[in-house]
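Residues per chain are reported as follows:
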Amino acid sequence: MKHKKICTVLAGVLALTVLAGCGNNEKKVNNLSTDDIANLEVVEETKLPISEEEITIDVWTKNRSQGYVKSFNEFEAFHEIAKLTNVNLNFIHPTGNTEEQLNIMLSSGDYPDVIYHYWTTTAGKKLIKDGVGFDLKPYIEKIGPNFRKILQQPEYKRTFDSISDQIYSMPIVFDNAKFNAYNGFFIRKDWLDKLGLDIPETIAEWEVVLKAFRDNDMNGNGDTTDEVPFATLKDGVMYRYAFASGFGAMDMLYHLDQSNPKKVTHAVLTPQFKDYVTNMARWYKDGLIYNNYISATQNEIDSLMLNDSLGAIFVDNNNALPKYMEMKPDMELVAVPYPKNANGETYYPRPSVDDLRVASNGAAITTKCKYPIEAIKYFDFLYSKQASDLMYWGVKGESYTVDEDGNYKFTDMILNNPDGKVPYEAICKYMTNQGFTGLHQYESMVGLETKLSPKFKKVKEESVASIMEMDQSRSLSNVPTTIEEDKLVSSYEDLTTYLSTMFDKFIIGAEPIENYDAFVEKCKKLGIEEIIKIKQQAYDRIEK
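Residues numbered from 1 in each chain as written. Predicted model: local features only at pLDDT ≥ 70, side-chain atom pairs only at ≥ 80, totals over all residues. Heavy atoms only, no water.

Draft legend 1. Up close: the packing of helix H19 (residues 493-508) against helix H20 (residues 516-525). Across the interface, H19 lies against H20 with an axial gap of 11 Å and an inter-helix angle of 170°. As far as their axial angle goes, H20 and H19 are roughly antiparallel. Mapping the contact onto sequence places Leu495, Tyr498, Leu499, Met502 and Phe506 in H19 and Tyr516, Phe519, Lys522 and Cys523 in H20. Within the contact of H19 with H20, the residues separate by chemical class into 8 nonpolar, no polar and 1 charged. (Axes fitted to C-alpha atoms, helices over the stretch in contact; angles between N-to-C directions. Helix = DSSP H or I, 4+ residues; strand = E, 2+ residues; numbered from the N terminus. Parallel < 35°, antiparallel > 145°, perpendicular 65-115°, else oblique. Contact = heavy atoms within 4.5 Å. Nonpolar A, V, L, I, M, F, W, Y, C, P; charged D, E, K, R; others polar.)

And the structure:
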């Protein structure tokens, strides 16, 4: 293979249809004219190699797998894909604060071919407006057959259509909504049996159980004061919504109103959320939830669970749960559905798991990309079955096999790793465990759990199923807003900070719950009603 030693310009191909600041009719990106988009042939499948000569594309991204590799350049999936495509990715990882480094880089005007990052809709649109990125949509329609197929599927089309009329990055796409059904309740069934109590279904039943855990020597060590009835992490905002469904409340976000499903509101303005906060504050005061709520770490909560001091937990069923059940097999943890409200209903208090099938993490191809056409074709190829298998299963015959019925199975290299790595670590030889642009396969994650106990798999399946069955109709996660509306929303930064701070203060008693109505009035002064109007306008546009 020959290597291109100079940065060539592919004349008359790539362009930006919406780039601000261009005064003439022929707008350009990477010195390429929009007039030539029409000359691109529609590609129905990826033709390999993507480049006749070997090329290298620089990708700036945070190393989210530092515990496994020093650089994404080590992942073997990219090496294998390079053999197929003639396109090498050269990863550049910032040091220090990623957001600060990104802003410095963008302000300098010196940025690489591709920026892989967590993009909010506002940030993505700004990339295009500022001329850093460009709208990929017209090119995907012509030369992106794999991504185009995904965009045409109903379960993804709604999300992409609602996010924006532009495509500013090529994101991670999950092939199954179950990926996002990961946070759930788990309880010590052996403790319940010891007390003669049933699994709680309502807030009232939960309170009976938690008080019993608090007041009895559940771990049998003679000390009735070392049991923690319930805990979860403040990080990841789990406390903001853990028991919210039991009150008919939603997470501290904008959502559709329970009494009027066409009306946008915010959780803190609803009486249900006030009831929820009031209850959580009382539980904290009464010792029913962990007293180190503000600063508890994952290791701290792990220690409580593994040392027989924790009765119930709200946690990630992909990472923490298997750790508990495999390290302490005599502990009987079972899944508990989210609590029902007074009417026996269970609303999922978070954005719909279906809406989250398209991640915000994605590859934005910049206007300084040396090989824009090849870059689009390369990242589009990552949505193909061939590339996805390499990324999430590894190399056939080495890390996985396929039987005559087409079933995939990891080999002992992954499941019984000779270096003693657990499957989730062993697969990181091929790809980051945080995912990357392309189609993320749920079955590969299930395959990594093959060696885990049947008991764990049963508990996880029950947890996931309970979330998937919940009413998720009040979600407002994907509502398209204009750039002008985004500016207005972002101008109310003080409101976001105030909301988070006051929730914590109410819970730990630093702010009396009697001041809740004053808190709501302050939210209104900080602009919460103005943002609701913007969200309502955006929602109404979708409905029309």
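Draft legend 2. Inspection of the environment of Tyr408 at higher detail. Here Tyr408 lies in strand S15 (residues 408-410). On the accessibility criterion, Tyr408 (27% relative accessible area) is partly exposed. Not counting residues within four places of it along the chain, the set of residues in contact with Tyr408 comprises Lys385, Asp389, Trp393, Tyr400, Thr401 and Val402. Within the structure, the side chain of Tyr408 is placed 2.7 Å from the side chain of Asp389, a separation counted as a polar contact. (Buried < 20%, exposed > 50% of the residue type's maximum accessible area, 1.4 Å probe, protein only. Polar contact = N/O pair within 3.5 Å; in protein donor to acceptor, adjacent residues only side chain to side chain.)

Draft legend 3. Region of the structure containing the sheet that holds strand S3 (residues 55-60). Ordered by their spatial adjacency, 6 strands build an open sheet running S4-S3-S5-S13-S6-S16, and the pairing between neighbours is mixed. Unpaired on one side and paired on the other, strand S4 (87-92) and strand S16 (438-440) mark the two borders of the sheet. Each strand axis lies, on average, 25° off the axis of its neighbour in the sheet, ignoring direction. In this structure, strand S6 (residues 170-174) lies alongside S16, joined through 3 bridges in parallel fashion. Residue Phe174 lies in a different strand from S16, and its bridge partner there is His440. (Pairing = 2+ DSSP bridges.)

Draft legend 4. Region of the structure containing helix H3 (residues 121-129). Those residues of H3 not exposed but buried are Gly124, Lys125, Leu127 and Ile128. On an axial view of H3, the arc spanned by its buried residues comes to 150°, and they lie on one face. Phi turns positive one or two residues past the end of H3, at Gly131, with a value near 80°. (Arc of directions from axis to C-beta.)

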